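Inside the fold
The chain contents come next:
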Amino acid sequence: MNILIIGSGGREHAFAWKLRQSSKLNQLFIAPGNAGTAGLGHNLAIDTTDFEAIKIAVLQNHIEMVIVGPEIPLVAGIHDFFLADELLKEIPVIGPDSYGARLEGSKEFAKEFMLRHNIPTARYFTVHAGNFEEGISFLKTLQAPYVLKADGLAAGKGVLIIDNLPEAIQSLKEMLDGLFGSASSTVVIEEFLSGVECSVFVLTDGTHYKILPEAKDYKRIGEGDTGLNTGGMGAISPVPFVTEQFMKKVEERMVLPTVNGLRKEGIAFKGFLFLGLMNCQGEPYLIEYNVRMGDPETEAVMMRIQSDLVDLFEGVAQGNLDEKNLVTDPRTAVTVVVVAGGYPGSFEKGHVISNLELVEESVVFHAGTRLAGEEILTNGGRVLAVSSIGNSMEEALSKSYRNIERISFEKMYFRSDLGFDLK
Ligand code: AMP
Ligand code: GLY
């Protein structure tokens, strides 16, 4: 089978790496890909939302399945585009249509969905230009800190957590006035949940589902979870506090009602559901849905999946995921993200990355890299995701850290304390 992956980050490199292990894969294409994916397939210089160009590439290269990595093309309707096209409609797309993608694209839609299906989540109130005063009244019913969320996609920056009421009211006003552009013309105010977060991933064909290995990601730039939020500085799977008993609650209270709820509402959801949840003293609360895999969680999760990923995706496409087998490696996988100095603020691109060939016992997934002749150059804030598996978290981490010491590029930075909170 010829497969096209849409996206260019570590997640897409990890998909490419895992798909390459399948005997069912013939040719692999990645649009636009990076220097890492170039070693596993053909990179196509196409933007992820240029659907007309994607169509041409799909037809020219006899592509038989499309895996969509990031949320933006999903929310923009890539799956709908395929279904509406005579020449493309039989080609399976792994990822929901734009209606299903609203679970990620609109916080208000997601919260209403959770409420309709009795999924445990924080209390909330939706505010727009017309009901600002009611928003203030709701804020007054809550205890600090206050959680304000832009309804739409805001590149991971749309959530503010504010310590006192006057500032929360001020920020609510600024958000409605366009702090995050049109994404914050509607704002969801939420009760603050205190607990530990983790990411649960589900692959579904719309009826059946498989729960993939869970992971914990490290979002903050600084050690000890301090400083600005990033796209993710690393991930660990499995998560020690996610016991069988906890996962059973997640499955019964969240996964089943979500998959059944989507079906009942006529939303044909074929793809990944990513539940961002909070463990509040042993009880799971759903913070958010994403309609794709997490990055950098995918880099750790793919290392633990032993089954054939093409086979699982065929199950999604054909609606017989229940007949497929998901076998996972019980060992611990970690990924440590190496970023460009300055990230998530301003940073430089175009530095030469050296000594990748010295890496042993880890897989280096490329996040922001590009090829320039024989050289590999940095091409983003998150540059590499150095991933390893071990009998313990410590063993896996030490492999990744040992290899990071071998790699070099100007102003590279990484967190050396991953897993500090799980020991
Ligand atoms: P999101 O962009 O929805 O992933 O939210 C960003 C981060 O804000 C989450 O990863 C949580 O750490 C935090 N967060 C979101 N909602 C809540 C909440 N209701 N209570 C506490 N923290 C939250
Ligand atoms: N690592 C979190 C995300 O992909 O949204």
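These lines cover the structure that appears in this document, whether it is placed above or below. Quick caveat, the model's predicted, so the values are computed rather than measured.

As a further point, take the side chain of Thr 204. In this fold, Thr 204 is placed in strand E11 (residues 196–204). When its relative accessible area of 1% is taken as the criterion, Thr 204 is described as buried. One polar contact links the side chain of Thr 204 to the main-chain amide nitrogen of Gly 206, over a distance of 2.9 Å. Thr 204 has contacts with Tyr 209, Val 259, Phe 269, Lys 270, Gly 271, Leu 273, Val 316 and Leu 321, leaving out every residue within four places of it along the chain.

Moving on, we get to helix H1 (residues 10–20). Buried residues dominate H1, accounting for 9 of its 11 residues. Among the residues of H1, Gly 10, Arg 11, Glu 12, His 13, Ala 14, Phe 15, Ala 16, Lys 18 and Leu 19 are the ones counted as buried.

Take the sheet that holds strand E7 (residues 146–150) next. Whenever strands of a sheet pair, they do so through backbone hydrogen bonds, lying parallel or antiparallel. Strand order across the open sheet formed by 4 strands is E6-E10-E7-E8, with antiparallel pairing between neighbours. The open sheet is flanked by strand E6 (124–127) and strand E8 (159–162), the only strands paired with a single partner. Averaged over neighbouring strand pairs, the angle between their axes works out to 20° when direction is ignored. Pairing of E6 with strand E10 (residues 187–190) involves 4 bridges; the strand directions are antiparallel. Each bridged residue has a counterpart across the sheet, and for Thr 126 the counterpart in E10 is Val 188. Relative to the sheet, helix H7 (residues 132–141) contacts E6, E7 and E10, its axis offset from that of E6 by approximately 160°.

Alignment of strand E14 (residues 220–222) against strand E15 (residues 226–229), held across 2 bridges, turns out to be antiparallel. Across the sheet, the residue bridging to Gly 222 is Thr 226, located in E15. In this antiparallel pair of consecutive strands, E14 and E15, the connection spans 3 residues, and Gly 224 shows a positive phi of 75°.

The grouping of Ile 72, Val 75 and Leu 153 at the surface amounts to a nonpolar patch, some 220 Å² of accessible area in total. Along the chain, the position of Val 75 falls in helix H3 (residues 71–75). With relative accessibility at 31%, the residue Val 75 sits in the partly exposed group.

Before going further, it helps to spend a moment on the nonpolar core. Leu 4, Val 66, Phe 82 and Tyr 289 are the most contacted members of the largest nonpolar core, which totals 72 residues. Counting residues per element, this core draws most heavily on helix H9 (residues 244–264), at 7 residues. With sequence-adjacent residues up to four places away left out, Tyr 289 is seen in contact with Leu 103, Glu 104, Ala 110, Phe 113, Met 114, Ile 119, Thr 258, Leu 273, Phe 274 and Leu 275. In terms of nonpolar packing, the next biggest core, distinct from the first, is built from 40 residues, Ile 3, Met 233, Val 337 and Val 339 among them.

Once that is clear, we can look at the packing of H1 against helix H11 (residues 309–318). Here H1 crosses H11 at 100°, and the two axes come no closer than 8 Å. Put simply, H1 runs roughly perpendicular to H11. Where H1 approaches H11, its residues Phe 15, Lys 18 and Leu 19 are matched on the opposing element by Leu 309, Val 310 and Phe 313. Residue classes in the contact of H1 with H11 are distributed as 5 nonpolar, no polar and 1 charged.

A few words on the site of ligand 2. In the region of ligand 2, the neighbouring residues are Asp 217, Phe 274, Arg 292, Gly 294, Asp 295 and Glu 297. Between ligand 2 and Asp 295 there is a distance of 3.0 Å, counted from an oxygen atom to a backbone nitrogen or oxygen. Against a free-state accessible area of 200 Å², the protein chains account for coverage of 86% of ligand 2. Of the residues that constitute the shell around ligand 2, the class distribution is 1 nonpolar, 1 polar and 4 charged.

What follows is about the pattern of salt bridges. Counting across every chain of the model gives 25 salt bridges. Arg 11 is paired through a salt bridge with Glu 12; the nearest N and O atoms lie 2.8 Å apart. Side by side, Arg 11 and Glu 12 carry an identical accessibility label, which is buried. Notably, a salt bridge pairs Asp 311 with Lys 24, separated by 2.9 Å at the nearest N-O pair. Residue Asp 311 is located in helix H11, and its partner Lys 24 is located in the loop between H1 and strand E2 (28–32); the two are separated by 287 residues in the primary sequence. One connected set of salt bridges, linked through shared partners, spans Lys 24, Asp 311, Glu 314 and Lys 324.

As a matter of local geometry, ligand 1 sits amid 15 residues, with Lys 149, Glu 190, Leu 193, Glu 197 and Glu 288 nearest to it. In this structure, an oxygen atom belonging to ligand 1 sits 2.4 Å away from a side-chain N or O atom of Glu 197. Within the side chain of Glu 288, a nitrogen or oxygen atom sits 2.9 Å from an oxygen atom of ligand 1. A total of 480 Å² of accessible area belongs to ligand 1 in isolation, and the protein chains cover 87% of it. When contributions to the shell around ligand 1 are tallied by element, the ones reaching two or more residues are E7, E8 and strand E18 (283–290). Looking at the shell around ligand 1 residue by residue, the class counts come to 8 nonpolar, no polar and 7 charged.

About the cut-offs
- Counting from 1, residues in each chain are numbered in the order their sequence is written.
- All chains are assigned letters beginning with A, and all ligands numbers beginning with 1, in the order in which they are written.
- Residues qualify for local features only when their pLDDT is at least 70, as the model is predicted, and side-chain atom pairs are given and counted only at 80 or more; totals for whole chains, interfaces and linings, by contrast, use all residues.
- Calculation of side-chain values draws on the structure's entire complement of heavy atoms; hydrogens and water are dropped beforehand.
- Secondary structure is summarised from DSSP: a helix means a run of H or I of at least four residues, a strand means a run of E of at least two, and numbering begins at the N terminus for each.
- Buried, partly exposed and exposed residues are distinguished by accessible area as a fraction of the type maximum, computed with a 1.4 Å probe on protein chains only: under 20%, between the cut-offs, and over 50%, respectively.
- Polar contact is defined as a pair of N or O atoms within 3.5 Å, subject to the rule that within protein one atom must be able to donate a hydrogen and the other to accept it, and that residues adjacent in sequence are counted only when both atoms are side-chain atoms.
- When checking whether two residues touch, look at their non-hydrogen atoms; a contact exists if any pair is within 4.5 Å.
- Strand pairing follows a simple DSSP-based rule, namely that at least 2 bridges must link the two strands.
- Axis definition: a line fit to C-alpha positions, over the contact stretch in the case of helices; interaxial angles, taken between N-to-C directions, run 0 to 180 degrees.
- Every patch collects residues that have over 30% relative accessible area and no salt bridge, joining them within 9 Å if they carry like charges and within 5 Å if they are nonpolar side chains (Val, Leu, Ile, Met, Phe, Trp, Tyr).
- Under the convention used here, a 1.4 Å probe and the Shrake-Rupley method define accessible areas, while residue burial counts only the protein chains that appear.
- For salt bridges, the criterion is a side-chain nitrogen of Lys or Arg within 4 Å of an Asp or Glu carboxyl oxygen.
- For the purposes of this section, nonpolar cores are sets of buried Ala, Val, Leu, Ile, Met, Phe, Trp, Tyr and Cys residues that join through side-chain atoms within 4.5 Å.
- Angle categories are assigned with fixed cut-offs, so that under 35 degrees is roughly parallel, over 145 is roughly antiparallel, 65 to 115 is roughly perpendicular, and the rest are oblique.
- Three categories are distinguished: nonpolar for Ala, Val, Leu, Ile, Met, Phe, Trp, Tyr, Cys and Pro, charged for Asp, Glu, Lys and Arg, and polar for the others, with Gly belonging to the last.
- The criterion for a residue being near a molecule or strand is simple. One of its heavy atoms has to lie within 4 Å of it.

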